[in-house]
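# Structural overview for review
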Amino acid sequence: MGRGKLRIYLGAAPGVGKTYAMLSEAHRRVERGTDCVVAFVEHHNRPRTEVMLHGLEQVPRRQLDYRGSSFTEMDVDAVLLRAPAVALVDELAHTNVPGSRNAKRWQDVEELLAAGIDVVSTVNIQHLESLGDVVESITGVRQRETVPDEVVRRADQIELVDMSPPALRRRMAHGNIYKSDKVDAALSNYFRPGNLTALRELALLWVADRVDEYLTEYRSEHRVSKIWGSRERIVVGLTGGPEGRTLIRRAARLAEKGAGGEVMAVYIARSDGLTSASPKELAVQRTLAEDLGGTFHHVVGDDIPVALLDFARGVNATQIVLGSSRRKTWQYVFGPGVGATVARESGPDLDVHIVTHDEVAKGRGLPVARGARLGRSRIIWGWLVGVGGPVVLALLLNTIDLGLANDMLLFLTVTVAAALLGGLFPALASAAFGSLLLNYYYTPPLHRLTIADPKNIVAIAIFVGVAVSVASVVDLAARRTHQAARLRAESEILSFLAGSVLRGETSLEALLERVRETFGMESVALLERAGDVDPWTCAGSVGPQSPKRPEDADVDMPVGDHMALALSGRVLPASDRRVLAAFAAQAAVVLDRQRLQHEADQAKELAEGNRIRTALLAAVSHDLRTPLAAIKAAVSSLRSDDVAWSEEDQAELLEAIEEGADRLDHLVGNLLDMSRLQTGTVTPLIREIDLDEVVPMALGGVPEGSAELDIPETLPMVAVDPGLLERAVANLVENAVKYSPADEPVLVSASGMANRVEVRVVDRGPGVPDEAKDRIFAPFQRYGDAPRGAGVGLGLAVARGFAEAMGGTLNAEDTPGGGLTMVLTVRAVDSLPDLATATAERQAS
């Protein structure tokens, strides 16, 4: 049996009609004789949706009891046993009640699909996992129930259920979505016109991208090379010249005129690497293209027009934007140019725009590698051999008659030697000078620059051609050898830079030191300034007397508009600036990373401070209410004239007031200490103490008999702040008693392990799923269906904050047999050989 097919109705917001459309599709299939059942559909008391369920077979739901309430979920086993051809499953992103077969409904759907059952389901765009942050920024509401994008993308069919925001709001106002008591709040909050418009655009764009993926797959599978203009895709051909910015902006304006236009800037480099554009200019153009919403691509190809057209057809582009040629008039003798060739070969499906710019006919201006780069001494020897060699050879041949053929071979040998030593130009000089000497001394008539025999003319011409060809080949080989060695060195350097990025190295000084060593400089500095007229400041430097301004440096490499890498020591050749540009860009990235890390650390400190402040508020609302109520009740009783209190009763009431006041004083003192701790003005008062001196005091806030103690006397002493430890344990015990059954007392036990002591608070309540164990420690988190009067959900956050302040930890574990165990770990005294040193280190940190 094959895998079932998944069809999804996707909507932009609740109420657009996804469930109604799914049920309509079910009725159509039933009329055609398809075995279709309702596995789970929630009509939300909407009359029209409920009517659509009539006439459809519904699989009975599974009843689940959770925390005293009854819930219904899809019965996966019943659906599998029924084995219909098609199953309707509403709300794909729904989270199942704990105790269900799977945690999420989409996992239930995966089981049905694996069993060969076709599934029709529904989901809203805000429930896609990748769009959670975007939806939250639009609506201000964080979606707790999400479904992985890949689950929806794998659907065999996605149908968008669309409705305009005014129509949806009218449906809401008519009471077709929510009950009348919720309509006003919904219309003024989530269902505002702006929210609905943004969500609708999000849904349309997501479906459009999915359709585009289908189209790309179809073209690839069917090998369709012809361009289908389903949407405007504009390719910008860049040469690396300054006109590229004009072309990118022009393409962006063209893309804005069409729906869903896309700009792709592409630079095509030759495979031999001997001709290249300015890395700085390409970096600027890459940034510009990305800022305008486009993408940048680097393609290798020796035939630029062919490579450009292949790229355009490969991405299904509809337009190509090129700049008018920068070649001068005489340069057209070498060919019609890239623009004319692309326009001629583009065909009827691809429009080509030739855009004028300020660099037209001003020359190509691209840096081309010239010269053999063989070193000064070799070039000098090459010129000596190329010019002096023919003269010496002519003097020798005047004494020996070897014949014209042999003479030409000897002169050719000198030319090759000149090429090997000095490159192209010495070899050309040797060929020209040698041909003159051959003509003058060895070609009749002798000692004249004329040639009587036509055969000798051919021989001299062949000599010159062979000499020039050999010199060119030798020079090209020398250039490529030098280029290969240079590229190898550059690749090693760039590999180091890439490795530093992958390793997450963030030391700016280490990177600048690497720059200094690589280029043999005395000092390197990264300079920056806030604006064009602001003074330069040094963000980082290595070496003595680093430059303070780019003008003071021997070499400066701009990084953006207001940053530069300045080097002192020697002037670098232009060929080294490409690698230097990579170092400069990496230095800017490292600097940004350092600053972001610093800001993140500051934000973390602020967040931690806010967390503790919130915990303090929680402690005030959670822990002060009971003693205050007791004090108020006792004082009111004493002041009452209706009752004649005996001396024993008065003493008891006064004792209750005193105990409540002491408890308040003790608690407020601890809270103030914790507040000062988080602001960096005080540290916890860490001292050696036995657990049995602190833990029993923490049980004063729970009813008698609701907690049991098991603190062995053999436990080592612990290094804690007694007040903070008492409050942490008290919060844990009160929380455990709240959720534990009345006939199951909470167990508070302790045990030692290595250099730690664990305090365990064990309850037999409903427990907490693994995915929620960390979330329950967050402020204002009330897990499950705890009643409103049970606190504001900050007790565990306070406990963890106090535990971490003492250098301990607090985590949640499952209780064997059911329930939750809170594990509070603190340090034993044996693990602190010098308590004063440890406290000093904590203050310093």
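If you're wondering where the values come from, they're calculated on a predicted model, not measured in any experiment.

### Some words on the overall build of the protein chain
Counting secondary structure elements, the protein chain contains 24 helices and 24 strands. A sequence separation of at least 24 residues applies to 70% of the contacts in the protein chain between residues at least 6 apart. Working note: accessible area of the protein chain is about 44,100 Å², and carbon and sulfur atoms make up 54% of it.

### Considering a nonpolar patch on the surface
A grouping of Ile379, Trp383, Val387 and Phe425 is seen on the molecular surface, where their side chains present a nonpolar patch of about 380 Å² in accessible area. For the nonpolar patch, the leading source of residues is helix α14 (residues 376-397), giving three residues. Inspection of the secondary structure assignment puts Trp383 in helix α14. Judged by relative accessible area, Trp383 falls into the partly exposed class, the value being 38%.

### Description of the sheet that holds strand β14 (residues 523-528)
Pairing in this open sheet of four strands is antiparallel, and the strands run β15-β14-β17-β16 from one edge to the other. Each end of this open sheet is capped by a strand with a single partner; those strands are β15 (537-542) and β16 (555-558). Across the sheet, the axes of successive neighbouring strands diverge by a mean angle of 20 degrees, strand direction being ignored. Of the strand pairs in this sheet, β14 and strand β17 (residues 563-568) are connected by six bridges, and their pairing is antiparallel. Pairing of Leu526 across the sheet is with Leu565, part of β17.

### What about the pairing of strand β2 (residues 36-40)?
It is a general feature of regular strands that their side chains alternate between the two faces of the sheet. Counting buried positions along β2 yields five of five residues, so the element is predominantly enclosed. Here two bridges tie β2 to strand β3 (residues 57-58), and the two strands are oriented parallel to one another. The residue bridging Val37 from the neighbouring strand is Glu57, located in β3. What joins β2 to β3 is helix α2 (residues 47-52), and the crossover it makes is right-handed.

### A word on the pattern of salt bridges
Taken as a whole and assessed by the stated rule, the structure comprises 22 salt bridges. One salt bridge in this structure joins Glu25 and Arg7, with 3.2 Å as the shortest N-O distance. Of this pair, Glu25 sits in helix α1 (residues 18-31) while Arg7 sits in strand β1 (residues 6-11); the two residues are 18 residues apart in sequence, bridging distant segments of the chain. Judged by its relative accessible area of 7%, Glu25 is buried.

### Here we look at a negative patch on the surface
On the surface, a cluster of negative charge is made up of Glu647, Glu648, Asp649, Glu652, Glu655, Glu658, Glu659, Asp662 and Asp665. Mapped onto the fold, Glu658 is located in helix α21 (residues 647-678).

### Here we look at the sheet that holds β3
Across the sheet, six strands lie side by side as β3-β2-β6-β7-β1-β8; this open sheet has parallel pairing. A strand with exactly one partner marks an edge of an open sheet, and here the two such strands are β3 and β8 (157-161). Taken together, the six bridges between β1 and strand β7 (residues 118-124) define a ladder with parallel strand orientation. Across the sheet, the residue bridging to Arg7 is Val120, located in β7. Across the face of the sheet, α1 comes into contact with β1, β2, β6 (86-89), β7 and β8 while running at roughly 145 degrees to β1. Its contacts with the sheet put helix α4 (residues 105-114) on β1, β2, β6 and β7, and the angle it makes with β6 is roughly 180 degrees.

### Side note on the packing of α14 against helix α15 (residues 404-422)
Packing of α14 against α15 brings their axes to within 7 Å, and their N-to-C directions diverge by 165 degrees. Overall, the two elements α14 and α15 adopt an arrangement that is roughly antiparallel. For the crossing formed where α14 meets α15, the hand is right-handed. Residues Arg378, Ile379, Trp381, Gly382, Val385, Gly386, Gly389, Pro390, Leu393, Ala394 and Leu397 of α14 touch α15, and the partners they reach there are Asp407, Leu410, Phe411, Val414, Ala417, Ala418, Leu420, Leu421 and Gly422. Looking at the contact of α14 with α15 residue by residue, the classes come out as 14 nonpolar, four polar and two charged.

### Description of the packing of aromatic side chains
For the structure shown, the criterion picks out zero aromatic pairs. Taking the ring centre of Phe40 as reference, the NZ or CZ of Arg105 above it sits at 3.9 Å.

### Observations regarding helix α5 (residues 132-139)
Residues three or four positions apart in an α-helix share a direction because the helix packs 3.6 residues into each turn. Inspection of α5 places Gly132, Val135 and Thr139 among the buried residues, and these make up the whole buried set. Within α5, the buried residues cover an arc of 65 degrees as seen down the axis, which keeps them to one side. Relative to its buried face, α5 has exposed residues pointing more than 90 degrees away, namely Asp133 and Ser137. One or two residues past the end of α5 sits Gly140, with phi positive at roughly 80 degrees.

### Regarding the pairing of strand β23 (residues 809-814)
Pairing of β23 with strand β24 (residues 820-827), which is carried by six bridges, proceeds in the antiparallel orientation. Considered in β24, the bridge of Asn811 is made with Val823. What sits between the antiparallel neighbours β23 and β24 is a turn of five residues, in which Gly817 has the positive phi angle 90 degrees.

### Re a positive patch on the surface
Together, Arg249, Arg250, Arg253 and Lys257 give the surface a local cluster of positive charge. On the secondary structure map, Arg250 appears in helix α10 (residues 244-256). Note on Arg250: relative accessible area 30%, which makes it partly exposed.

### A few points about α10
With 13 residues, α10 should cover 18 Å at 1.5 Å per step; its first-to-last C-alpha distance of 19 Å lies within 8% of that length. If you check which residues of α10 are buried, you get Gly244, Leu247, Ile248, Ala251, Ala252, Leu254 and Ala255. Along the long axis of α10, the arc covered by the buried residues comes to 160 degrees, so they all point the same way.

### Some points on the nonpolar core
Of all hydrophobic cores here, the largest spans 60 residues; its most connected members are Leu88, Leu92, Leu112, Val147 and Trp206. The biggest single contributor to this core is helix α9 (residues 193-221), with six residues. Not counting the four nearest positions on each side in its chain, Val147 is found in contact with Leu92, Ala93, Trp106, Val123, His127, Leu128, Glu129 and Val152. Formed by 45 residues, the second largest nonpolar core is a distinct cluster that contains Ile689, Ala707, Val748 and Val768.

### Re the confidence of the model for the protein chain
Parts of the prediction with low pLDDT should not have their coordinates interpreted in detail. Mean pLDDT over the protein chain stands at 78; residues scoring 70 or higher make up 78%. Mean pLDDT in the protein chain bottoms out at helix α24 (residues 835-844), which sits at 41, and peaks at β6, which reaches 94. Contacts for the low-pLDDT stretch residues 364-372, under 50 throughout, to residues beyond four places or in other chains number 21 contacts. pLDDT under 50 marks residues 785-792. Its contacts with residues more than four places away, or in other chains, come to 14 contacts.

### Looking at the environment of Glu528
Relative to the assigned elements, Glu528 resides in strand β14. Judged by relative accessible area, which is 15%, Glu528 ranks as buried. Along the chain, Glu528 and Pro558 lie 30 residues apart, while their C-alpha atoms are 9.8 Å from each other.

Rules used throughout
Residues numbered from 1 in each chain as written. Predicted model: local features only at pLDDT ≥ 70, side-chain atom pairs only at ≥ 80, totals over all residues. Heavy atoms only, no water. Helix = DSSP H or I, 4+ residues; strand = E, 2+ residues; numbered from the N terminus. Contact = heavy atoms within 4.5 Å. Areas by Shrake-Rupley, 256 points an atom, 1.4 Å probe, with all protein chains shown as cover. Patch = residues over 30% accessible without salt bridge, like charges linked within 9 Å, V, L, I, M, F, W, Y side chains within 5 Å. Salt bridge = Lys/Arg side-chain N within 4 Å of Asp/Glu carboxyl O. Buried < 20%, exposed > 50% of the residue type's maximum accessible area, 1.4 Å probe, protein only. Pairing = 2+ DSSP bridges. Axes fitted to C-alpha atoms, helices over the stretch in contact; angles between N-to-C directions. Right-handed = clockwise from strand over helix to strand, strands pointing away. Lys, Arg positive; Asp, Glu negative; His and termini not counted. Charge placed at Lys NZ, Arg CZ, Asp CG, Glu CD. Parallel < 35°, antiparallel > 145°, perpendicular 65-115°, else oblique. Left-handed = near helix turned anticlockwise from the far one by under 90°. Nonpolar A, V, L, I, M, F, W, Y, C, P; charged D, E, K, R; others polar. Phe/Tyr/Trp six-rings, centres within 6.5 Å; stacked < 30°, edge-to-face > 60°. Lys NZ or Arg CZ within 6 Å of the ring centre and 35° of its normal. Arc of directions from axis to C-beta. Expected span 1.5 Å × (residues − 1). Core = buried A, V, L, I, M, F, W, Y, C linked by side-chain atoms within 4.5 Å. pLDDT = per-residue confidence, 0-100.

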